[in-house]
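Reading the structure
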Amino acid sequence: MNILVCISKSPDTTSKIAFTDGNTKFDENGVQYIVNPYDEWYALVRALELKETIGGNVTIITVGNTADESIIRKALAIGADNAVRIDAEPTDAFFVATQIAEYAKKNNFDLVLTGKETINYNGSQVAGMVAEFLDVPFASQASKLDVNGTTLTLEQEIVGGLQIVEVSTPAVVSCAKGMAEQRIPNMRGIMAARTKPLEVIAPSEVEVYTSFESYSLPDAKKACRMIDPSNMAELVDLLHNEAKVI
Amino acid sequence: MKTDLYSHPDYYNLDDLYTEEQLLVRDAARAWVKKEVSPIIDEHYENATFPMHLLRGLGEIGAFGPYIPEEYGGPGLDQISYGLIMQELERCDSGLRSTASVQSSLVMYPIWKYGNEEQRLKYLPKLATGEMMGCFGLTEPDHGSNPGGMTTNFKDAGDHVILNGAKMWISNAPFADIAVVWAKDETGRIHGLIVERGMEGFSTPEMHGKLSLRASATGELIFVDVKVPKANILPNKTGLGAPLGCLDSARFGIAWGALGAAMDCYDQALRYCKERTQFGVPIGSFQLQQKKLAEMITEITKAQLLTFRLGQLRNEGRATSAQISMAKRNNCEVAMNIAREARQIHGGMGITSEYSMMRHMANLESVVTYEGTHDIHLLITGMDVTGIPAFARDMPDLSKM
Ligand SMILES: Cc1cc2nc3c(=O)[nH]c(=O)nc-3n(C[C@H](O)[C@H](O)[C@H](O)COP(=O)(O)OP(=O)(O)OC[C@H]3O[C@@H](n4cnc5c(N)ncnc54)[C@H](O)[C@@H]3O)c2cc1C
């Protein structure tokens, strides 16, 4: 099975979040990037497991610049066979999805996997757009994925239970928690990654539809107020008049 | 179970200077430590047991001989990667790092540098995976800071030699499959010998009662007329300089490792300062606590820069023994001070195994002692800058005073 896994970077969860240029740009100074966990732990590892059981090839793709090759190397160290970097700033979901779809079209993949979202922008849009551009089925937020010939069986969590769906390949699936277990790259993997192929491709021209007007940080966490359990009226009053949530 | 929340302080954006591969190696080691070691380390420390089941995993993350070339089964990493792995291990526990340091710098290094091709091919690949473990016997009951005075010796007996003597304080000894032992020949010259478990007359009793480095196994090496084949003698370097060359490599790893322990203590202290409230405010809002944190991060940053530069010099083959010695001494001292301050910031909680400072503090007492005590390293720097060795002196004749 020929699998394409889309990986993107996201700031390490311990990074200090700040903005520059009058709050219109994310301040990258001192920020360390990691592979977006949904892409790494679930999409990539499940792709590798499938390859290990039914054979095939796992290609990873990212839209980004040279600095992003560190996340590519990590994905290769975990076990992907080869990598593609579309050499461009990933400006918005439409731009990224278009680039990925163009590459996928030319290279006949049976399956395209992504994480269910990135943990920085939480956009959840790329996978659906890629499926649309490729004109293939899309299943979102799968927590389990099995392959039988050209049939994919997927589990998706829904309110109060599970939903099992089948789609046929080629297809795009976005992966959620439960799909696989994190793999830590071992030394053999890190050594092998040194020589695995990394292809850098120029982006195709795409109109950019989004611009970022401004960013702001969430309000600082307020101190916790304890209310005596016997005093329900006060609690209701505070929730209604002060917090304005009921 | 408590979660290991560690993230490293990087005040001067040093991460920007590491290569992609160095960061990958470091992060893999950290992820492995958080998953496999953090949850169990306290139990081993309290019970004074070495977590034997981790050996394979240590091999997989490249902790055994990271710089050993691929042709001998190593990953062929650079010295900074070696340092970073040691830092991640000791960030969790000095005992764990000790096992990896000994295997890498005191067992694999001499076989690689002073051994012949047969010895390299026979031992290094298995040592790299952790399938075979080694220890290093230099210190003797009566010769610690002065290893040159050793009395362990061997006599020529045809195709083999007969080894006699005893070594003490030997990390990994209780479970090691092989020991790189330093002993004098009949002319008094020091050689390295590979002694294998099972050789008649060779035993490795464990030392008990350690109140430091409890998750590391320490023992004695006792040789009573042990027949060691001549093929097991390391041929390519003899004299005290041979074991000292190993110590250079190990001390380099310790400099990185001790700094890891300091970084772990600081990381926890910073978090605790923001979370713990007294007198209605976080304790981190008090100037006295901020002073502690400010001094800690300053010392850590200085040590990080020192260590990084040392890594570059070592990669270029230019780091002197004295430069390595300075980093070992400085970083151990910095780590000990930071462990104590961080423990104080935690108040009573700081003395429990809920936090790692107290364990680090006790461990660092060994780390500051082995591979040259703090004093000995001061003498090394002193000699380096003055040109005058001050290690030994004649005992004054007290009767004439
Ligand atoms: C947990 C642990 C693990 C160890 N693992 C190993 C191992 O794997 N292999 C190995 O070979 N050894 C190992 N050692 C031994 C270690 O290297 C020695 O303990 C160390 O070299 C100090 O020797 P000593 O204990 O005999 O102290 P001593 O040399 O007796 O020193 C006692 C005190 O005198 C001071 N002193 C000594 N000489 C001078 C001087 N000239 N000027 C000023 N002060 C001086 C010292 O600084 C120290 O404060 C280990 C030790 C420990 C604690």
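Just so it is clear, the model here is predicted, and its values are computed rather than measured.

Focus: the overall build of chain A
Within chain A one finds six helices and 13 strands. Expressed as lengths along the three principal axes of its C-alpha atoms, the size of chain A is roughly 65 × 45 × 40 Å. Taking all 246 residues of chain A together, 42% fall into the buried category. Contacts spanning at least 24 positions in sequence make up 70% of the contacts within chain A whose residues lie at least 6 apart. Taken as a whole, chain A presents about 13,300 Å² of accessible surface, with 51% of it coming from carbon and sulfur. Distance between charge centroids for chain A: 7 Å, based on 21 positive and 33 negative side chains.

Remarks on the overall build of chain B
Broken down by element type, chain B carries 11 helices and nine strands. Relative to its length of 401 residues, chain B is compact, with a C-alpha radius of gyration of 21 Å against a globular reference of 21 Å. Across the 401 residues in chain B, those meeting the buried criterion constitute 57%. Counting only contacts in chain B whose residues sit at least 6 apart along the sequence, the fraction spanning at least 24 positions is 75%. Per element, the accessible surface of chain B, about 17,000 Å² overall, is 53% carbon and sulfur.

Regarding the side chain of A:D39
Here A:D39 is to be found in helix 1 (residues 37–54). Buried and unpaired, A:D39 has A:K116 as its nearest opposite-charge partner, separated by 11 Å.

Quick word on the pattern of salt bridges
Oppositely charged side chains may form a pair once their charged atoms are brought near each other. Under the criterion given, the structure shown has 31 salt bridges over all chains. Residues A:D146 and A:R46 are paired through a salt bridge, measuring 3.2 Å at the closest nitrogen-oxygen approach. Separated by 100 residues along the polypeptide, A:D146 in strand 9 (residues 138–148) and A:R46 in helix 1 bring together distant segments of the chain. On the accessibility criterion, A:R46 (13% relative accessible area) is buried. Residue B:K302 pairs with B:E299 through a salt bridge whose shortest N-O separation is 2.8 Å. Taken as a pair, B:K302 and B:E299 lie in helix 8 (residues 287–315) at a separation of three residues, close to a single helical turn. Owing to a relative accessible area of 48%, B:K302 belongs among the partly exposed residues under this scheme.

Some thoughts on the packing of aromatic side chains
Pairs of aromatic rings are described using the distance from one ring centre to the other and the angle between the two planes. The tally for this structure, following the rule as stated, stands at 23 aromatic pairs over all chains. With 5.0 Å between their ring centres and 5° between their planes, A:F19 and A:Y215 make a pair best called stacked. You can see A:F19 sitting in strand 3 (residues 19–20) and its partner A:Y215 sitting in the loop between strand 13 (198–201) and helix 6 (232–242), a full 196 residues away along the chain. The two residues A:F19 and A:Y215 agree in class, both being buried. When the ring of B:Y67 is compared with that of B:Y82, the centres are 5.0 Å apart and the planes differ by 90°; the resulting orientation is edge-to-face. Of the two residues, B:Y67 is situated in the loop between helix 3 (55–60) and helix 4 (79–92) and B:Y82 in helix 4; the sequence distance between them amounts to 15 residues.

Looking at the site of the ligand
Residue and element names in this part refer to chain B. With respect to spatial proximity, 18 residues lie near the ligand, and among them T139, S145, W169, T373 and D375 are the closest. A distance of 3.0 Å is found between an oxygen atom of the ligand and a backbone nitrogen or oxygen belonging to L138. Contacts to the ligand include T373, whose side-chain N or O atom sits 2.7 Å from an oxygen atom. Taken by itself the ligand offers 980 Å² of open surface, and the protein chains cover 69% of this.

Concerning the pairing of strand 7 (residues 218–229) of chain B
In regular strands, side chains alternate between the two faces of the sheet. All names here are of chain B. Judged from the nine bridges that link them, strand 3 (residues 160–171) and strand 7 form a sheet pairing that is antiparallel. When the sheet's bridge partners are listed, K167 is paired in strand 7 with L221. Looking at chain direction, strand 6 (residues 202–203) and strand 7 are connected through two bridges and run antiparallel. Each residue of the ladder has a partner; that of F202, found in strand 7, is F223.

Points about a nonpolar patch on the surface
Together, A:V236, A:V245 and A:I246 make up a nonpolar patch on the protein surface, roughly 290 Å² of accessible area in all. The partly exposed category is assigned to A:V236, whose relative accessible area is 44%.

Focus on the sheet that holds strand 8 (residues 111–115) of chain A
Residue and element names in this part refer to chain A. Read from one edge of the open sheet, nine strands run 11-10-9-12-8-1-6-7-13, paired in mixed fashion. Two strands in the sheet have a free side with no partner beyond their single neighbour: strand 11 (161–168) and strand 13. Ignoring which end each strand starts from, the neighbouring axes of this sheet average 30° apart. Direction of pairing for strand 1 (residues 2–6) relative to strand 6 (residues 57–64): parallel, over a ladder of five bridges. Looking across to strand 6, one finds that L4 is bridged to T59.

Topic: the confidence of the model for chain B
Predicted confidence across chain B gives a mean pLDDT of 97, with 100% of residues reaching 70 or more. We note a pTM of 0.92 for the whole complex and an ipTM of 0.86 for its interfaces.

Rules of the game
Residues numbered from 1 in each chain as written. Chains lettered and ligands numbered in written order. Predicted model: local features only at pLDDT ≥ 70, side-chain atom pairs only at ≥ 80, totals over all residues. Heavy atoms only, no water. Helix = DSSP H or I, 4+ residues; strand = E, 2+ residues; numbered from the N terminus. Buried < 20%, exposed > 50% of the residue type's maximum accessible area, 1.4 Å probe, protein only. Contact = heavy atoms within 4.5 Å. Areas by Shrake-Rupley, 256 points an atom, 1.4 Å probe, with all protein chains shown as cover. Lys, Arg positive; Asp, Glu negative; His and termini not counted. Charge placed at Lys NZ, Arg CZ, Asp CG, Glu CD. Rg over C-alpha atoms; globule rule 2.2 N^0.38 Å. Salt bridge = Lys/Arg side-chain N within 4 Å of Asp/Glu carboxyl O. Phe/Tyr/Trp six-rings, centres within 6.5 Å; stacked < 30°, edge-to-face > 60°. Near = heavy atom within 4 Å. Polar contact = N/O pair within 3.5 Å; in protein donor to acceptor, adjacent residues only side chain to side chain. Pairing = 2+ DSSP bridges. Patch = residues over 30% accessible without salt bridge, like charges linked within 9 Å, V, L, I, M, F, W, Y side chains within 5 Å. Axes fitted to C-alpha atoms, helices over the stretch in contact; angles between N-to-C directions. pLDDT = per-residue confidence, 0-100.

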